[in-house]
Amino acid sequence: MTPFAIAGIQMHVAAAHPNVDALRHKIDLAMARFPWTQMVLFSELAAYGPLTKFAQPLENDTIRLLQEDAKRHNIWLIPGSMFETAADGRIYNTSVVINPEGEIVSTYRKMFPFRPYEAGVSAGTEFCIFDVPYVGRFGLSICYDIWFPETTRHLTAQGVEVLLHPVLTGTTDRDAELAIARATAAQFQCYVFDVNGLGSGGVGKSCVVDPSAQVLHQAAGQEDIFPIEIDLDQVRRQRNTGMKGLGQVLKSFRDREVEFPVYDRASGADAYLQTLGPLEMPKQWEKGAPLILTDPRIETPAAGHSPANDDAGQVQKIPTVDKTASG
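Residues numbered from 1 in each chain as written. Predicted model: local features only at pLDDT ≥ 70, side-chain atom pairs only at ≥ 80, totals over all residues. Heavy atoms only, no water.

K.L.:
I'm lost on the overall build of the protein in this one. Help?
P.N.:
Along the backbone of the protein there are 6 helices and 17 strands. Across the 327 residues of the protein, 45% fall into the buried class. Of the accessible surface of the protein, which amounts to about 17100 Å², a share of 53% is contributed by carbon and sulfur atoms. (Helix = DSSP H or I, 4+ residues; strand = E, 2+ residues; numbered from the N terminus. Buried < 20%, exposed > 50% of the residue type's maximum accessible area, 1.4 Å probe, protein only. Areas by Shrake-Rupley, 256 points an atom, 1.4 Å probe, with all protein chains shown as cover.)

Structure representation (structure tokens):
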């Protein structure tokens with residue numbers, strides 16, 4: 001076993017003003033209490049909060065200060081993320097990976113902004129994979145990315161053993177997200193460090209899950225610093241022999257006989273998805289609007305006909321039921 005300790009930091013995040021001083025104080029506190037920590041991970045948008053008005057280029061004084069902190073404490077540092085203003089004016093939700101020498105070794109732009117709620121934020125297209133020498137391979141995704149297993153599939157197919165997952169979830173779907181974190185760890189036989197914030201930064205409940213889907217730590221609704229020592233030998237053994245000697249899911253996927261047409265956008269396999277309407281903010285129901293809509297793909301035999309003996313094979317679509325409010 002090569003021991004490697006990662007500390008997640010769940011802290012209060014304000015929306016109206018920067019949180020940089022508090023974030024840096026938490027680094028100092030974590031290292032004073034747990035000096036054996038080798039990597040520190042914060043929640044999504046921890047430094048400046050969830051408002052895009054605080055967006056700025058990545059080359060900024062805050063990043064430089066955090067680089068100094070990483071070097072001073074000899075740690076890998078992932079300070080959550082912040083809204084980045086790119087050279088072309090677009091805004092991204094971006095994270096940086098800083099090594100113990102204070103160097104930025106990788107950056108990552110969130111691939112799946114939480115649309116339609118995360119309006120005005122562009123999607124990144126590049127994955128983030130980096131190696132910690134003599135330890136293992138790490139990957140980064142941000143919040144909503146984990147809801148799309150293709151993101152983790154790509155990372156683990158490249159050998160990623162630890163998924164670092166900063167989150168800003170302040171909504172009622174946090175429990176679903178925790179279930180996804182456990183499922184991701186089991187499906188892809190990796191560690192998952194899922195770090196949420198508090199206040200304007202989320203409802204907490206950060207978690208760490210090992211590759212057998214065992215929850216190693218579950219935070220509650222208060223500030224928390226949780227260093228966890230991981231064992232990447234467990235990942236490697238499990239990927240070879242299966243979880244508890246059972247499912248060898250990565251090798252099974254590698255040896256699959258099927259290709260998935262849905263990933264070819266020209267195949268038509270996603271035709272149903274095209275019927276779902278635009279990705280937009282839900283609205284209040286209005287009087288006169290349909291309450292029940294049938295699936296446009298579903299067809300039923302025409303009246304008086306049976307598919308078994310209808311030579312013409314004629315069918316008609318089930319009509320849309322348009323129920324309106326009475327009174």
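K.L.:
Please explain the nonpolar core as it appears in this structure.
P.N.:
Note on soluble globular proteins: their nonpolar side chains tend to be buried together. In this structure, Met-39, Phe-138, Leu-164 and Phe-193 are the most contacted members of the largest nonpolar core, which totals 29 residues. Setting aside chain neighbours within four positions, we find Leu-164 in contact with Ile-6, Met-39, Leu-41, Ile-78, Phe-130, Phe-138, Gly-139, Leu-140, Ser-141 and Phe-193. Within the second largest apolar cluster, 25 residues are counted, among which are Val-20, Ile-27, Ile-63 and Val-96. (Core = buried A, V, L, I, M, F, W, Y, C linked by side-chain atoms within 4.5 Å. Contact = heavy atoms within 4.5 Å.)

K.L.:
Help me understand the layout of surface pockets, please; the structure alone is not making it clear to me.
P.N.:
Rolled over the atoms, a probe sized like a water molecule indicates the empty space that remains. If you add up the space inside the largest pocket, you get close to 690 Å³. Taken together, 17 residues form the lining of the largest pocket, with Phe-112, Phe-148, Glu-150, Arg-265 and Leu-273 sitting closest to its centre. Considered class by class, the residues forming the lining of the largest pocket number 10 nonpolar, 3 polar and 4 charged. There is about 380 Å³ of room inside the second largest pocket. (1 Å grid on protein atoms, 1.4 Å probe; cavity = no way out; pocket = protein on both sides within 12 Å on 5 of 7 lines; lining within 4 Å. Points joined across faces, edges and corners; volume = space filled by probe spheres on them. Nonpolar A, V, L, I, M, F, W, Y, C, P; charged D, E, K, R; others polar.)

K.L.:
Help me understand the packing of aromatic side chains in this model?
P.N.:
Aromatic ring pairs are described here by two measures, namely the spacing of the ring centres and the angle between the planes. This structure, assessed with the given rule, holds 10 aromatic pairs. Geometrically, the ring pair formed by Trp-76 and Phe-130 is stacked, given 5.6 Å between the ring centres and 25° between the ring planes. Here Phe-130 lies in strand β8 (residues 128-132) and Trp-76 lies in strand β4 (residues 76-78), a separation of 54 residues in the sequence. Phe-130 shares its class with Trp-76; the two are buried. With a centroid separation of 4.8 Å and an interplanar angle of 75°, the aromatic rings of Phe-114 and Tyr-144 are classed as edge-to-face. Taken as a pair, Phe-114 in the loop between β7 (104-109) and β8 and Tyr-144 in the loop between β9 (136-140) and α3 (149-157) lie far apart in primary sequence, 30 residues in all. Clustering of aromatic rings is evident, with ring pairs tying together Phe-112, Phe-114, Tyr-117, Tyr-144, Trp-147 and Phe-148. The positively charged end of Arg-109 is found above the aromatic ring belonging to Tyr-92, 3.9 Å away from the centroid. Across the ring face of Phe-253, the terminal group of Arg-256 is positioned such that the distance to the ring centre comes to 4.1 Å. (Phe/Tyr/Trp six-rings, centres within 6.5 Å; stacked < 30°, edge-to-face > 60°. Lys NZ or Arg CZ within 6 Å of the ring centre and 35° of its normal.)

K.L.:
Please explain the packing of helix α1 (residues 20-33) against helix α2 (residues 61-73) as it appears in this structure.
P.N.:
In helix packing, the relevant descriptors are the interaxial angle and the interaxial distance, both defined with respect to the helix axes. Viewed as axis vectors pointing N to C, α1 and α2 meet at an angle of 5°, and their least axial separation amounts to 11 Å. Relative to α2, α1 is oriented roughly parallel. On α2, the residues that touch Val-20, Leu-23, Arg-24, Ile-27, Asp-28 and Met-31 of α1 are Thr-62, Leu-65, Leu-66, Asp-69, Arg-72 and His-73. Looking at the contact of α1 with α2 residue by residue, the classes come out as 6 nonpolar, 2 polar and 4 charged. (Axes fitted to C-alpha atoms, helices over the stretch in contact; angles between N-to-C directions. Parallel < 35°, antiparallel > 145°, perpendicular 65-115°, else oblique.)

K.L.:
Where do I start with the pairing of strand β1 (residues 4-10) in this structure?
P.N.:
For a regular strand, side-chain orientation follows a simple rule: the groups alternate between the two sheet faces. Among the 7 residues that make up β1, 7 are buried, leaving the element largely enclosed by the rest of the structure. Neither face of β1 is left uncovered, since the one carrying Phe-4, Ile-6, Gly-8 and Gln-10 and the one carrying Ala-5, Ala-7 and Ile-9 both have all their residues buried. Direction of pairing for β1 relative to strand β15 (residues 224-230): antiparallel, over a ladder of 7 bridges. Each bridged residue has a counterpart across the sheet, and for Ile-6 the counterpart in β15 is Ile-228. Across 4 bridges, the pairing between β1 and strand β3 (residues 39-42) is parallel. For Ile-9, the partnering residue across the bridge sits in β3 and is Phe-42. (Pairing = 2+ DSSP bridges.)

K.L.:
For this particular structure, what's the right way to read empty space enclosed by the protein?
P.N.:
Per the counting criterion, the structure on display carries 1 cavity of 30 Å³ or more. Its volume calculated, the largest cavity comes out at about 40 Å³. In terms of lining residues, the largest cavity is bounded by Leu-58, Ile-63, Pro-79, Gly-80, Ser-81, Met-82, Thr-94, Ser-95 and Val-96. Looking at the lining of the largest cavity, the element that brings in the most residues is strand β6 (residues 91-98), giving 3 residues.

K.L.:
Whenever I open this one, the pattern of salt bridges confuses me. Can you help?
P.N.:
Charged atoms that come close allow side chains of opposite charge to pair. Inspection of every chain in the model, using the stated rule, returns 18 salt bridges. Residue Lys-110 pairs with Glu-44 through a salt bridge whose shortest N-O separation is 3.0 Å. Taken together, the residues Lys-110 in the loop between β7 and β8 and Glu-44 in the loop between β3 and α2 connect sequence positions 66 residues apart. Residues Lys-110 and Glu-44 agree in their burial class; the two are buried. Among the salt bridges present, the one from Glu-118 reaches Lys-110, with a minimum N-O distance of 2.9 Å. The residues Glu-118 and Lys-110 share a single accessibility class, namely buried. Ionic contacts of the salt-bridge type, sharing partners, join the residues Arg-24, Asp-28, Asp-69 and Arg-72 into one network. (Salt bridge = Lys/Arg side-chain N within 4 Å of Asp/Glu carboxyl O.)

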